[in-house]
Amino acid sequence: MRSGYSAMLWLIWCVLFGSLRLGATLSAILQNETEFELAAGHRQGRLFPFYTIGRIANVPCIASNGLQGTCLIRGECADNQGIFGGSCSTLTTQATCCIFSRTCGGSTNLNSTYFTNPGYPGSYNDGGTCTFTITPCSASVCQLRIDFRSLNLAQPNGEGNCLTDVLTITGGSSAVPQICGENTGQHVYVNFADLNPITIRVSTTAGSTVDRMWNLQLSQIACASQFRAPEGCLQYYLEPSGVISSFNYGFGANPNLNSLGATGTRQIAGQRYGICIRAAPDRCTITYSLPTTDGSYAFTVSGDAEVLDPTLIGMGIFGENGDICTTDYVVIPSPVVTDVNAAGAVFTDRFCGLGLFAVTSQVKPFVVYVVWDDNEEPDVANRGFRLAYSQNACTLGA
Ligand SMILES: [Ca+2]
């Protein structure tokens, strides 16, 4: 049974950080959001006394191993099976940047928790099902953000189905597609369904030679947080510019062949979701383009990528648009294409094929919808997409 004191601490961790999107790059912003709540006298921002040695604020901190933690008195960290991550307070040497790391069969209602494979950071080679359950820590929490700080599972088969390994996320009120392959750096948002738990399940097949590994950072997002993803967004990028990619996009071909004996696909079948990008202040449009590095294969969404010279793959003239895109495609609302090689062409919002001109959109929230049908045949050597995005000042076309 939870002691009264532990229950109070749980409440503090939850409500104080329920509004936070965890991550080192956002620490300063998060600190501001926390301080804003404190300044506003919000109930979520109260400070509580700890032990008898005084007060410390349970602010987010970066542990010596680089992970996001919570600044706690050592005894409280230990009582909750936390890991000491180095000093975090100038007030007392008894404080530590506490890391909560859990593995198969576990559960948490603590914010700032990591779910890892057994033996992490070593690889995991066994088969079976590993589950982890997350319960919202208060009614003011609406979403779970799962950052794939590390996620390496077996590739899908040649048709894009996750047969050897699969990650599934259930229990929320928003859908998450099956995920496998290489997805380090990706993330997903899941809406909590009231106070019901969300379950992450990693099912693996023994005998695979893949260096299977996962370390998933679990952040509970308050309903009122500025880091809450809009409805319909499985992913939500916060930076003004950056890179988006489909799940399991990667720099090598899937080693698995499809049933026709051709090079398989890295695209994961049956995915339909939105990638959203937060509009920066004073920015009116967004432009998606192939990255300057890794241009080859960076837009291989449908068709046979092996019929083209690899140096030609990705060029806009090899892309397709409109009603011809019926199996796998991305939707970019209200597109504007200014490339001279596309002069005279009329574009609808549906893009597929083996290349992409730079596309600008002004519809907010900025979003790219991914629509992959349930079977990758007869596509060959598709990898999905990897696109750079940048937001444009309002004077540049809007
Ligand atoms: Ca495809």
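This one's a predicted model, so the numbers in the text were calculated from it and none came from an experiment. (Residues numbered from 1 in each chain as written. Predicted model: local features only at pLDDT ≥ 70, side-chain atom pairs only at ≥ 80, totals over all residues.)

Engineer: So what about the overall build of the protein chain? Which residues, and what values?
Structural biologist: Scanning the protein chain from terminus to terminus reveals three helices and 25 strands. Taking the contacts inside the protein chain whose residues are at least 6 apart along the sequence as the reference set, 74% of them involve residues at least 24 apart. (Helix = DSSP H or I, 4+ residues; strand = E, 2+ residues; numbered from the N terminus. Contact = placed C-beta atoms within 7 Å.)

Engineer: Outline the pairing of strand β18 (residues 283–289), listing residues and values.
Structural biologist: Here β18 pairs with strand β25 (residues 384–393) via six bridges, running antiparallel. Note that in β25 the partner of T285 across the bridge is N392. Where β18 meets strand β23 (residues 359–361), three bridges bridge the pair, whose relative direction is antiparallel. What sits directly across from T287, in β23, is T360. (Pairing = 2+ DSSP bridges.)

Engineer: So what about the environment of T133? Which residues, and what values?
Structural biologist: Within the secondary structure, T133 is located in strand β9 (residues 128–134). When the C-alpha positions of T133 and G106 are compared, they lie 6.6 Å apart, and in sequence the two are 27 residues distant. Sequence-distant contacts of T133, that is, excluding residues within four places in its chain, are made with S107, P197 and T199.

Engineer: So what's going on with unusual backbone geometry? Residues and values would help.
Structural biologist: Looking along the chain, the bond that leaves K364 and enters P365 is cis, with omega of 0 degrees. Summarising the element assignment, P365 is placed in the loop between β23 and β24 (366–372). At Y297, a residue that is not glycine, the phi angle is positive and equals roughly 70 degrees. Relative to the assigned elements, Y297 resides in the loop between β18 and β19 (299–300). Take Y297: there are 24 C-beta atoms within 10 Å of it, and that puts it in the buried class. A positive phi is found at S334, a non-glycine position, where the angle reads about 45 degrees. The residue S334 is located in the loop between β21 (328–331) and β22 (350–353) in this model. (Buried ≥ 20, exposed ≤ 12 C-beta atoms within 10 Å, placed from the backbone.)

Engineer: Residue-level account of the sheet that holds β21, with values.
Structural biologist: Strand order in the open sheet formed by six strands is β15-β17-β24-β21-β22-β20, and the pairing between neighbours is mixed. Where the open sheet ends on each side, the last strands, each with one partner, are β15 (235–237) and β20 (319–321). For this sheet the average axis-to-axis angle between neighbouring strands, irrespective of direction, equals 25 degrees. Pairing between β21 and β22: two bridges, direction antiparallel. The partner of V331 across the bridge, within β22, is R350. (Axes fitted to C-alpha atoms, helices over the stretch in contact; angles between N-to-C directions.)

Engineer: Can you break down the nonpolar core residue by residue, with the values?
Structural biologist: By size, the foremost hydrophobic cluster in this structure holds 90 residues, and its most contacted members are C180, L216, C276 and V330. Take this core: its biggest share by element is six residues, from strand β10 (residues 141–152). In this structure, L216 is in contact with Y114, F115, I146, D147, F148, L151 and I200, ignoring residues within four places of it in sequence. (Core = buried A, V, L, I, M, F, W, Y, C linked by C-beta atoms within 7 Å.)

Engineer: Report on the environment of C352, specifying residues and quantitative values.
Structural biologist: Looking at the secondary structure, you find C352 in strand β22. Once the C-alpha coordinates of C352 and C325 are considered, the two residues, 27 residues apart in sequence, prove to be 5.8 Å apart.

Engineer: Before we move on, can you summarise the sheet that holds β9 with the specific residues and values?
Structural biologist: In any sheet, the strands associate via hydrogen bonds between backbone groups, in a parallel or an antiparallel arrangement. Taken together, four strands build an open sheet; the order of strands is β7-β9-β13-β11 and the sheet is mixed. Looking at the sheet topology across the chains shown, the edges are occupied by β7 (106–108) and β11 (166–170). Sheet twist, expressed as the average angle between the axes of neighbouring strands with direction ignored, equals 15 degrees. Pairing analysis gives three bridges linking β7 to β9, with the strands arranged parallel. Along β9, the bridge assignment pairs G106 with F132.

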